[in-house]
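The lines below spell out each chain.
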Amino acid sequence: MKILVLGPGGREHAIVRALLRDPAVETVEAAPGNAGIARDVTCRPVDATDPESVAALAAAGAYDLVVIGPEAPLAAGVADAVRAAGIPVFGPSQDAAQLEASKAFAKEIMAAAAVPTAEAIHITTAAEAADALNRFGPPYVVKDDGLAAGKGVVVTENRDEAQTHAEACLTGGSTVVIEEFLDGPEVSLFVICDGQNLVPMSPAQDFKRIYDDDAGPNTGGMGAYTPLDWLEGYTETHGGVPRNFTEIVVDRVARPTVEEMARRGTPFVGVLYCGLAITSRGVRVVEFNARFGDPEIQAVLERLATPLGALLFDAATGQLGTGRHLRWSDGYAADVVMAAENYPEAPRKGDAITGIADAEALDGVAVLHAGTAEKDEGLATAGGRVLAVVGTGGTLREAVDRAYAGVDRIEWSGAQHRTDIAAKALAGQINPGSPAPEGPQQ
Ligand code: AMP
Ligand code: GLY
């Protein structure tokens, strides 16, 4: 198989590396990739959000499969154009990608499919925003309806800040979703879909805020780990049948959503990223995304033992079948994102990076690139999130320690990272109680 991976970030670097481990994959190329990806495979220049350019590149390269990494090409209809050129694509159509591109659309699908999520109001004026904020009360959750790279959401106790964010989104031309606050730990579960059949991956947890202890603004994600031992005993009972966490998400969230999308004539092919909160009333959807989470997938793919190429090809061509399970290596993976100075507001670019080779020389450490570029025969920062340093180990403690040992070797001016990735899990401080069987079903 010859596979093209589309996108410029850490997620795409992780996908490229996992594909290179698959014996059925002869060639992997990336477009546009980044400086780290270019050290592993050939990178092709392309405007990743221009459907015709990507389709032309895919046809010229005679690829057997195109894997679309980020959300922007999906929302722009790149998957449709490549499919129209007769090439299998892992990634949803423009219509199906609305599950991520429009929070209001996602809420409409969840309502139609009876998927448990936060109650929400879609508003288009400042006065409606004020009414909605009054109705839900603090903490306030205000979301830009459109794509905003994880930065369109404000969760705050401060009513003025909530109103100001809503008005800023409206002024920017977006509509706004205001919703009920969901308490409880968050989990990302990626479910591979072929339009009909589903294969869940291993749950992961992501750290969205820029600073330790979940302080500061939301980012694309500052670190992650997998698997989640604290989910082991979690069950919910529906219709008298107790189910574990992954079964709950597949049965109550992913399957009804994928069925609703198929019913509407817009089948979902690709990965349905279920962003979930485990509340006192049970599992609720925080958001859907239409692609793998970054930086969760860097950790998840480090443990995947099933060959990735065949899995994504079968999803792209409607051949996942039923009862398919993934194999995982024993142990744990954790990653720590290193970000540029001033991320997420206005990241500074062009700072020289040192120490990557030293970090990679450590046992159980891999360095995946996101915002890097070649400069003066070395590497320099070229984006907000610059690197994800992944540690693997027999215990979560070992995986986390290895990731941080790698981070300690790497430097540039203004580099920042969180120091508490997986700390609560390691301290045994995440204990979601299972909801009572007779508790509310919604
Ligand atoms: P989203 O882009 O919808 O995933 O939101 C980004 C982040 O904001 C989520 O990962 C949560 O940490 C937080 N968030 C979003 N919606 C809610 C909610 N209803 N209640 C609590 N936190 C939320
Ligand atoms: N890590 C969160 C995201 O990819 O949206």
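Residues numbered from 1 in each chain as written. Chains lettered and ligands numbered in written order. Predicted model: local features only at pLDDT ≥ 70, side-chain atom pairs only at ≥ 80, totals over all residues. Heavy atoms only, no water.

An unreviewed UniProt entry annotates the chain as Phosphoribosylamine--glycine ligase of Nesterenkonia natronophila. Under the UniProt heading Sequence similarities (unreviewed entry), the entry covering the chain gives this text: "Belongs to the GARS family." In its Catalytic activity (unreviewed entry) section, the UniProt entry covering the chain states "5-phospho-beta-D-ribosylamine + glycine + ATP = N(1)-(5-phospho-beta-D-ribosyl)glycinamide + ADP + phosphate + H(+)". (UniProt positions renumbered as here; feature names shortened; annotations may be inferred.)

Participant: When you look at the packing of aromatic side chains in this model, what are you seeing that I'm missing?
Facilitator: The relation between two aromatic rings is expressed through the spacing of the ring centres and the mutual angle of the planes. Enumeration over the complete set of coordinates arrives at 5 aromatic pairs. Ring plane angle 75 degrees and centroid distance 6.4 Å describe the contact between Tyr234 and Phe245, whose orientation is recorded as edge-to-face. Here Tyr234, found in the loop between β15 (223–226) and β16 (235–238), pairs with Phe245, found in helix α10 (residues 245–263); they are 11 residues apart in sequence, far enough to count as distant. Each member of the pair, Tyr234 together with Phe245, is buried. Geometry around Tyr63 places Lys2 over its ring, the cationic atom sitting 4.8 Å from the centre. (Phe/Tyr/Trp six-rings, centres within 6.5 Å; stacked < 30°, edge-to-face > 60°. Helix = DSSP H or I, 4+ residues; strand = E, 2+ residues; numbered from the N terminus. Buried < 20%, exposed > 50% of the residue type's maximum accessible area, 1.4 Å probe, protein only. Lys NZ or Arg CZ within 6 Å of the ring centre and 35° of its normal.)

Participant: Please explain the site of ligand 2 as it appears in this structure.
Facilitator: Around ligand 2, the structure places Asp206, Lys208, Gly220, Tyr273, Asn289, Arg291, Gly293, Asp294, Pro295 and Glu296. Between ligand 2 and Gly220, the relevant distance is 3.0 Å, taken from a nitrogen atom to a main-chain nitrogen or oxygen of the residue. At a separation of 2.8 Å, a nitrogen atom of ligand 2 approaches a polar backbone atom of Asp294. When the free accessible area of ligand 2 is taken as 200 Å², the share hidden by the protein chains comes to 92%. The residue inventory of the shell around ligand 2, partitioned by class, reads 2 nonpolar, 3 polar and 5 charged. (Near = heavy atom within 4 Å. Polar contact = N/O pair within 3.5 Å; in protein donor to acceptor, adjacent residues only side chain to side chain. Areas by Shrake-Rupley, 256 points an atom, 1.4 Å probe, with all protein chains shown as cover. Nonpolar A, V, L, I, M, F, W, Y, C, P; charged D, E, K, R; others polar.)

Participant: Explanation requested: the packing of helix α1 (residues 10–20) against helix α11 (residues 296–303) in the structure shown.
Facilitator: The axes of two packed helices give the description: the angle between them and the distance between them. Packing of α1 against α11 brings their axes to within 8 Å, and their N-to-C directions diverge by 10 degrees. Regarding the angle of α1 to α11, the classification is roughly parallel. Contacts between α1 and α11 pair Gly10, Arg11, Ala14, Ile15, Arg17 and Ala18 from the former with Ile297, Gln298, Leu301 and Glu302 from the latter. Along the lines of polarity and charge, the residues of the contact of α1 with α11 split into 5 nonpolar, 2 polar and 3 charged. (Axes fitted to C-alpha atoms, helices over the stretch in contact; angles between N-to-C directions. Parallel < 35°, antiparallel > 145°, perpendicular 65-115°, else oblique. Contact = heavy atoms within 4.5 Å.)

Participant: Quick question: what am I supposed to make of the site of ligand 1 here?
Facilitator: Around ligand 1, the structure places 14 residues, and the nearest of them are Glu179, Leu182, Glu186, Lys208 and Glu287. Coverage of ligand 1 by the protein amounts to 93% of the 470 Å² it exposes when considered alone. Listed by contribution, the elements that provide at least two residues to the shell around ligand 1 are β7 (140–144), β8 (153–156) and β19 (282–289). Looking at the shell around ligand 1 residue by residue, the classes come out as 6 nonpolar, 1 polar and 7 charged.

Participant: Mind showing me how you'd approach the pattern of salt bridges here?
Facilitator: Two side chains that carry opposite charge are able to pair once their charged atoms sit near each other. Evaluation of the coordinates by the stated rule reveals 26 salt bridges. For Lys103, the salt bridge identified is with Glu287, shortest N-O distance 3.8 Å. Note that Lys103 is positioned in helix α7 (residues 103–112) and Glu287 in strand β19, a separation of 184 residues in sequence. Note on accessibility: Lys103 and Glu287 belong to one class, buried. Among the salt bridges present, the one from Glu186 reaches Lys208, with a minimum N-O distance of 3.9 Å. One end of the pair, Glu186, is in strand β10 (residues 186–194); the other, Lys208, is in the loop between β12 (205–206) and β13 (209–211), and 22 residues separate them in sequence. For Glu186, a relative accessible area of 39% corresponds to the partly exposed category. Salt bridges linked by common partners bring Arg11, Glu12, Glu71, Glu100 and Arg291 together as one network. (Salt bridge = Lys/Arg side-chain N within 4 Å of Asp/Glu carboxyl O.)

Participant: Hey, could you run me through the sheet that holds strand β21 (residues 352–353) in this one?
Facilitator: Strands pair in a sheet through their backbones, by hydrogen bonds, and they do so in one of two ways: parallel or antiparallel. Pairing within the open sheet is antiparallel, and its 3 strands lie in the order β21-β24-β23. Each edge of the sheet is formed by a strand with only one pairing partner; in this case those strands are β21 and β23 (372–375). Pairing of β21 with strand β24 (residues 378–381), which is carried by 2 bridges, proceeds in the antiparallel orientation. Bridge assignment links Ala352 to a residue of β24, and that residue is Ala380. (Pairing = 2+ DSSP bridges.)

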